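Residue-level structure breakdown
The lines below spell out each chain.
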Amino acid sequence: MIYSLKKLDLSFASEEIAAIRYWCVGQDFSPVRTKYNKKGNWTAISIKGYSPDPLNISKPSVLGAEEVMEQLQDTHLMSLLKVQPILDKIPGEKDRVRLMRLEKNSNITKHTDKVDSDIKNYRLFRLHIPIITHPDIIVESWHDKNIVFRSNMEMGDCWFLDVSKAHAVKNKSDMDRVHLVVDVWQNKELGELLKDETGPVWGL
């Protein structure tokens, strides 16, 4: 079974993510284009995407983006922030790679990401690596209508979040939360990491 929220047997030491952690404080990010971000508290910046511009976080035909964009490519932040060695530890071909920020004392309300057909059809799997976080930041994932998983993802851990299912984030802390979010194409090795017979860390 693959659960909707799972901590993978994969983690990154503080020195591996240090360049990202120090750089992203105070940087300008682009608002995530969705009706669930009316206050603009949820923003992102592109490490790998469909434009050389890090502030262009769109994917073709997703959330109102143009159907035709440039080819998938690294932005200059890939080398500047030393992200490639992190990606090399994650099995499989990568699609978009972004830094995603949620401002302090704000929430992302319950929603799904089924607007991306690759996510909806499980061709892509979304992984989260917390870069800046706090114990008062909680992710909620509805595995089904009766089971909700909740977790505080710790810095440097690697988590799978099934964003085709309903999920939400509550940032009750006084710091902005930043995650490295990696979309990975389906592959056998990643599938083995995702399998779990015991369930997530917290099931409430």
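Note that the structure is predicted; figures quoted are calculated from it, not measured.

Re the sheet that holds strand S6 (residues 106-111)
Pairing within the open sheet is antiparallel, and its 4 strands lie in the order S6-S11-S8-S9. Strands at the two margins of the open sheet, each flanked by one partner only, are S6 and strand S9 (147-151). Strand-to-strand twist of the sheet, defined as the mean angle between neighbouring strand axes without regard to direction, takes the value 15°. Where S6 and strand S11 (residues 167-171) come together, 4 bridges link them in antiparallel fashion. Bridging from a neighbouring strand, His 111 pairs with His 167 of S11.

Describing the pattern of salt bridges
Where charged atoms from two side chains of opposite charge approach closely, those side chains can pair. Taken as a whole, this structure holds 12 salt bridges when the rule is applied. Measuring nitrogen to oxygen at the nearest pair gives 3.1 Å for the salt bridge that ties Lys 59 to Asp 116. Note that Lys 59 is positioned in the loop between strand S3 (42-49) and strand S4 (73-74) and Asp 116 in the loop between S6 and helix H4 (117-120), a separation of 57 residues in sequence. Its relative accessible area of 4% is what places Asp 116 among the buried residues.

With respect to the confidence of the model for the protein chain
On average, residues of the protein chain score 89 in pLDDT, and 91% of them reach the 70 mark or higher. Every residue in residues 198-204 scores below 50 in pLDDT, and together they form 15 contacts with partners more than four places removed in sequence or on other chains.

A short note on the nonpolar core
As a rule of thumb, soluble globular proteins bury nonpolar side chains together. One finds Ile 47, Val 83, Leu 99, Ile 131 and Leu 180 to be the most contacted residues of the largest nonpolar core, which totals 32 residues. The dominant element in this core, judged by the number of residues it contributes, is strand S7 (residues 124-132), at 5 residues. If we ignore the near neighbours within four places in the chain, the residues touching Ile 131 are Ile 17, Ile 20, Arg 21, Leu 99, Met 155, Val 178, His 179 and Leu 180.

Some thoughts on the pairing of S7
Counting buried positions along S7 yields 9 of 9 residues, so the element is predominantly enclosed. The sheet contact formed by S7 and strand S12 (residues 177-185) spans 8 bridges and is antiparallel. Looking at the pairing, His 128 lines up with Val 181 of S12. By the bridge criterion, 2 bridges tie S7 to strand S10 (residues 157-161) in an arrangement that is antiparallel. Note that in S10 the partner of Leu 127 across the bridge is Phe 160.

Considerations on the side chain of Arg 126
One can find Arg 126 in strand S7. The class for Arg 126 is buried, based on a relative accessible area of 7%. Here the side chain of Arg 126 touches Asp 183 through a polar contact of 2.7 Å, side chain to side chain. Leave out the neighbours within four places in its chain, and Arg 126 touches Arg 96, Arg 98, Asp 113, Asp 116, Ile 119, Trp 159, Phe 160, Leu 161, Val 163, Val 181, Val 182 and Asp 183.

Observations concerning the packing of aromatic side chains
All told, the structure shown has 3 aromatic pairs when counted by the stated rule. Ring centres of Tyr 3 and Phe 149 lie 5.7 Å apart, and the angle between their planes is 75°; on these two criteria the pair is classed as edge-to-face. Taken as a pair, Tyr 3 in the segment before strand S1 (5-11) and Phe 149 in strand S9 lie far apart in primary sequence, 146 residues in all. Both residues of the pair, Tyr 3 and Phe 149, belong to the buried class.

Points about the environment of Ser 46
Along the chain, Ser 46 turns up in strand S3. With a relative accessible area of 1%, Ser 46 lands in the buried category. Along the primary structure Ser 46 and Lys 120 are separated by 74 residues, whereas in three dimensions their C-alpha atoms are 21 Å apart.

How each quantity is defined
- Throughout this document, residue positions are counted from 1 along each chain, in the order its sequence is written.
- Thresholds applied to this predicted model are a pLDDT of at least 70 for local features of residues and 80 or more for the giving and counting of side-chain atom pairs; totals over whole chains, interfaces and linings are not thresholded and use all residues.
- Each side-chain value is worked out from all heavy atoms of the structure, with water and hydrogens disregarded.
- Here the rule is simple: two strands pair whenever DSSP picks up at least two bridges between them.
- The helix and strand labels rest on DSSP assignments: H or I over at least four residues marks a helix, E over at least two residues marks a strand, and numbering proceeds from the N terminus.
- Between N-to-C directions, angles span 0 to 180 degrees; the directions come from axes that are lines fitted to C-alpha atoms, helices contributing only their stretch in contact.
- Whenever Lys or Arg places a side-chain nitrogen within 4 Å of a carboxyl oxygen from Asp or Glu, that contact is recorded as a salt bridge.
- Remark: exposure states derive from per-residue accessible area (1.4 Å probe, protein chains only) relative to the maximum for the residue type, with buried under 20%, exposed over 50%, and partly exposed in between.
- Per-residue confidence from the prediction method is given by pLDDT, with values spanning 0 to 100.
- By definition, residues are in contact when any of their heavy atoms lie within 4.5 Å.
- Buried Ala, Val, Leu, Ile, Met, Phe, Trp, Tyr and Cys residues form a nonpolar core when they are joined through side-chain atoms within 4.5 Å.
- Within 3.5 Å is the distance limit for a polar contact, defined as a pair of N or O atoms, with the added protein rule that one can donate a hydrogen and the other accept it, and that residues adjacent in sequence qualify only through two side-chain atoms.
- The pairing test for Phe, Tyr and Trp rings, Trp by its six-membered ring, is centres within 6.5 Å, and the orientation test on the planes gives stacked under 30 degrees, edge-to-face over 60, and tilted for anything in between.

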